[in-house]
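# Structure at a glance
Letter by letter, the chains look like this.
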Amino acid sequence: MSKSKPLAFIVAALSYSFFLFFSSPKSHYHELFLSDSFSDNASVAINLRTLTRRPHVAGTVANAEAAAYVRSVFTSSALKSHVVTYQVSLTYPVHRSLVLTPTESAKPITFLLEQEQAGDNPYANEVMPTFHGYAKSGNVSGPVVYANYGRVEDFLRLKKDMGVNVSGAVVIARYGQIYRGDIVKNAYEAGAVGVVIYTDKRDYGGDEWFPASKWMPPSGVQVGTVYNGLGDPTTPGWASVDGCERLSDKAVELSGDVPLIPSLPVSAADAEVILKTVVGDVGDGDIYPVGPGPGILNLSYTGKTVIAQIENVIGVIEGEEEPDRYVILGNHRDAWTFGAVDPNSGTAVLLEIAQRLDKLQKRGWKPRRTIILCNWDAEEYGLIGSTEWVEENREMLTSRAVAYLNVDCAVSGPGFHASATPQLDELIKIAAQEVQDPDNATQTIYDSWIGSSNSVVIGRLGGGGSDYASFVQHVGVPGVDMSFGGGYPVYHSMYDDFTWMEKFGDPMFQRHVAMASVLGLVALRLADEEILPFNYTSYALELKKSAEDLENEKLGHNIDVYPLIKSIEDLSTAAQYINIEKEAVKGALKVRELNDRLMMAERALTDRDGLSERPWYKHLIYGPSKYDDYGSKSFPGVDDAVDNAKKLNTKASWENVQHQIWRVSRAIRQASLVLKGELR
C-alpha cells in the first residue's frame, strides 16, 4: 500500500474550494437572493395552502389542477414553462376487507379500515381509501404472525431463535425501519400468504394526537407504494410515451419488482385488536408475542390497474454563456392525501425559488448556465415522473447535466439535514454558513448543524427514497437532497395537511424560507461560478472511509481490498491536481474543458451493465440496499455479493465478491482518468 499524500497538501486543496465562493462577479446577486426583501413567508404559506387544499393522488383531476397551479407560478415568474406528459401504469383500490377470527368459537371482527376525521378539513371525505400502491389483488387467510419491523433479521429470528413457521401465515409488521415494499417481499420469501403493516404508537404515537398535538391519531394509517422498482413497471428502462412498447402483466409480475402476495396498511387501533389474539414468546423488548395464531386473519384486496396520464411541469431560465449546461432543481407534486409535508412543503420551496429568481432577473441577473425547475408527478408510486423523464432524456442529461438538487419533504420540523454526492459537500457547508437558522436568529444553519451533533454529517444518496435516484444512480449526475426535520408522525396519512404544518411543522413558514435560501444559493453557485465548485478531494476521503469499513470486515477467503484502496489513492491524487489546475486556468475553452472533466467524473462511476441482478442501477458507488430500498449503501454491488457469499459460502460466491471489488476499483480509476483529462 502506498503512503498517503501530506496532510498540508490535502488541506490546501480543500481550502481552495472556499476561495471560489467569494470570487464570483455575480456574488452581489447571490446576496440579493438571500435578502429579506426577496424572501416572502406569506407567499410560501399561500402557495402551500393552495397546493394542499384537496387530496391529489397521481392521475386524479385534483393533481392535474395542482400541476396547472405550479405552471401558472412558473409562468408568472418569467420561466419558460411547459408540461411533459407520460402514460403510465398506476393502481387504485376497488375493494378492501380485513376480518379477524380471534378463536374458533369467537365471533369474527370486521375492521372498517377508515381513518377518523380530525379537525375541520372540508375535503377529508375526498381522501382515497387506505391501500398500498401496486399491491397484489387476492383473498387469503392464515394464522397471524407478528414480525416486528419485517426485516430480514426479524424473519430469521422467528425461524431460528423462536421456531416459528411463517409459511401459510398472514404477517403483521410495523412501519419504521425499512421500506414497506421490502416488508412485503421479505414476508413472501419467508412463506407468508399476506401482510398487514401498521403504524405503531411506539414509533408514531403519543398521549395526545392531532389536532391537539403532532402525533398520529389511533385511527391514522400510513399508505404508500409496495413497488420495488423505479419508474413505470410496464416500461423498465424506457419512457412511457404514447404508443410505446409495454410489458405484459405477466412479464411485470416476473420482473420481481411487484409484490406476489396481497397487503394492506392498518391503523394502530386495528393492529392492537389483532395482536391481542396472538400467543407466543416475547423477546428483545417487544411487548407483543409472535404467534402463529390462534387469531386467523382473512385479507381481501382488489385493485384496478389503469394507464393514466401524469404531468411533469418544467420551467427553464436559459443560461447566457453556457446554455447547454443544466443545473436542475426538482420536487414532486403528487401526494397520497393532502401532502403538506410530503411533498408540497418542497413544492412551496421550489415556487419560492422561482419567484426569487424572477426578482433577480428584473435586477439584470442572467445565469451563466441554464437553470431548470422540475415539478414531478407520480413520485409516490415509484419515482415515476422523474424516472420517465430521465429515461427519455438520458443522453442529453449524460452530456449536459451539471447537478440535480432535490427537495421532497422540505419541512417537517427543526433541524437541517443534507445528503449529497461528496464533491458537493463543501458547497453545501458554505451555503449553510450564509443562511440564518430559522429557529435561532443568533446563528447560521451551519452553526446549528454543528451544534446538533458536534460535527457536520452529510448523508449519501444511495437510497431510493426520492427523485434524486434516477439522476444519481442511473445516469451518474451529482446530486443533493435537503430538508428541515426528519421523520414525522402523520407521514402518508390524511392528517398531513395544512393545519398540521401551520400548527406543528412550521408555524411562521420561516423554515420554508430558509430552505429556499440554502437550496437556491447552491443552485446559483452551480449556475454562475466560472469554474464548477466541485471538490473531488472530499469524494476520495469519503471513499477511503468506506473502503476501510470493508477492509475491517475481515471477510477472509483471500478477499483482497487493495485494488480498491489503490484506485482511491489515484482518485485523491487526480483531485488534488485538478484543484491546482483551477488556480491557473485561463481562457474560455480551457475553463470549459476543465469544467467538463469535473462534471463527467461522476458519470465514470457508473457501469453500463449496472449492479448484478439490478441492472437499472448503474452507479457502483451509491445505490440502495438489496433488502431495504430506503437504505443507502456504499459499493452496493460488493455489499450484495458479500451477503450472498455469507449465505452460500461457496468458492464461486466468494470469487464474485472479489470480482465486484475489482469492478468498483475500475470505475474509480476511470473517474481519476477523467479528472486528469489525459489519454494513456
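Because the structure is predicted, anything quoted here is derived from the model rather than measured.

### Thoughts on the overall build of the protein chain
On a plain count of helices and strands, the protein chain comes out with 23 helices and 18 strands. What you see for the protein chain is a C-alpha radius of gyration of 25 Å, in line with the 26 Å of a compact globule of 680 residues. Taken across its 680 residues, the protein chain has 60% of its residues classed as buried. Partitioning the contacts of the protein chain with sequence separation of at least 6, the portion at a separation of at least 24 is 80%. Only carbon and sulfur atoms are counted for the fraction: they give 51% of the accessible area of the protein chain, which is about 26300 Å². When the 64 positive and 85 negative side-chain charges of the protein chain are each reduced to one mean point, those points stand 4 Å apart.

### Remarks on empty space enclosed by the protein
This structure, assessed with the given rule, holds 5 cavities of 30 Å³ or more. Each pocket or cavity is described by its volume, and for the largest cavity that value is around 50 Å³. As for the largest cavity, its lining consists of Q115, V127, M128, P129, T130, F131, V223, W336 and T337. Partitioning the lining of the largest cavity into residue classes produces 6 nonpolar, 3 polar and no charged.

### A word on the pairing of strand β4 (residues 138-146)
Here is the key point about a regular strand: its side chains alternate between the two faces of the sheet. Examined bridge by bridge, β4 and strand β9 (residues 296-317) share 6 bridges and lie antiparallel to one another. Across the sheet, G138 pairs through a bridge with Y301, a residue of β9. Where β4 and strand β5 (residues 170-174) come together, 3 bridges link them in parallel fashion. If you follow Y146 over to β5, its bridge partner there is I172.

### Looking at the confidence of the model for the protein chain
Of all residues in the protein chain, 94% have pLDDT values of 70 or greater, and the mean over the chain is 93. With pLDDT under 50 throughout, residues 1-23 is counted as low confidence; its partners more than four residues away or in other chains account for 40 contacts.

### Here we look at helix α17 (residues 498-505)
An α-helical turn contains 3.6 residues, so a residue and the one three or four places further along point in the same direction. Those residues of α17 that fall on the buried side of the exposure criterion are F498, W500, M501 and G505. The buried side chains of α17 occupy one side of the element, clustering within an arc of 160° when seen end-on.

### Notes on the pattern of salt bridges
Summed over the entire model, instances satisfying the criterion amount to 33 salt bridges. Measuring nitrogen to oxygen at the nearest pair gives 3.8 Å for the salt bridge that ties E272 to K276. Relative accessible area serves as the criterion here: at 38%, E272 is assigned to the partly exposed category. Between R614 and D640 there is a salt bridge whose closest N-O contact spans 2.6 Å. Of the two residues, R614 is situated in the loop between α21 (588-600) and β17 (622-625) and D640 in helix α22 (residues 636-648); the sequence distance between them amounts to 26 residues. Of the two residues examined, R614 and D640, each falls in the buried class. Via salt bridges that share partners, E321, E322, D324, R325, R368, R369, R592 and D596 belong to a single interconnected network.

### Comments concerning unusual backbone geometry
Each neighbour pair has its own omega, and for G293 with P294 the value is 10°, a cis peptide bond. Along the chain, P294 turns up in the loop between α9 (268-275) and β9. A cis amide bond links D342 with the next residue in sequence, P343, at an omega value of 10°. Counting through the fold element by element, P343 comes out in the loop between β10 (322-332) and α10 (344-362). Backbone geometry places K554, a non-glycine residue, at a positive phi of 50°. Here K554 lies in the loop between α19 (536-552) and α20 (562-584). Accessibility expressed as a relative area gives 70% for K554, which makes it exposed. Look at N558: it is not a glycine, yet its phi comes out positive at around 60°. Here N558 shows up in the loop between α19 and α20.

About the thresholds
- Residues numbered from 1 in each chain as written.
- Predicted model: local features only at pLDDT ≥ 70, side-chain atom pairs only at ≥ 80, totals over all residues.
- Heavy atoms only, no water.
- Helix = DSSP H or I, 4+ residues; strand = E, 2+ residues; numbered from the N terminus.
- Rg over C-alpha atoms; globule rule 2.2 N^0.38 Å.
- Buried < 20%, exposed > 50% of the residue type's maximum accessible area, 1.4 Å probe, protein only.
- Contact = heavy atoms within 4.5 Å.
- Areas by Shrake-Rupley, 256 points an atom, 1.4 Å probe, with all protein chains shown as cover.
- Lys, Arg positive; Asp, Glu negative; His and termini not counted.
- Charge placed at Lys NZ, Arg CZ, Asp CG, Glu CD.
- 1 Å grid on protein atoms, 1.4 Å probe; cavity = no way out; pocket = protein on both sides within 12 Å on 5 of 7 lines; lining within 4 Å.
- Points joined across faces, edges and corners; volume = space filled by probe spheres on them.
- Nonpolar A, V, L, I, M, F, W, Y, C, P; charged D, E, K, R; others polar.
- Pairing = 2+ DSSP bridges.
- pLDDT = per-residue confidence, 0-100.
- Arc of directions from axis to C-beta.
- Salt bridge = Lys/Arg side-chain N within 4 Å of Asp/Glu carboxyl O.

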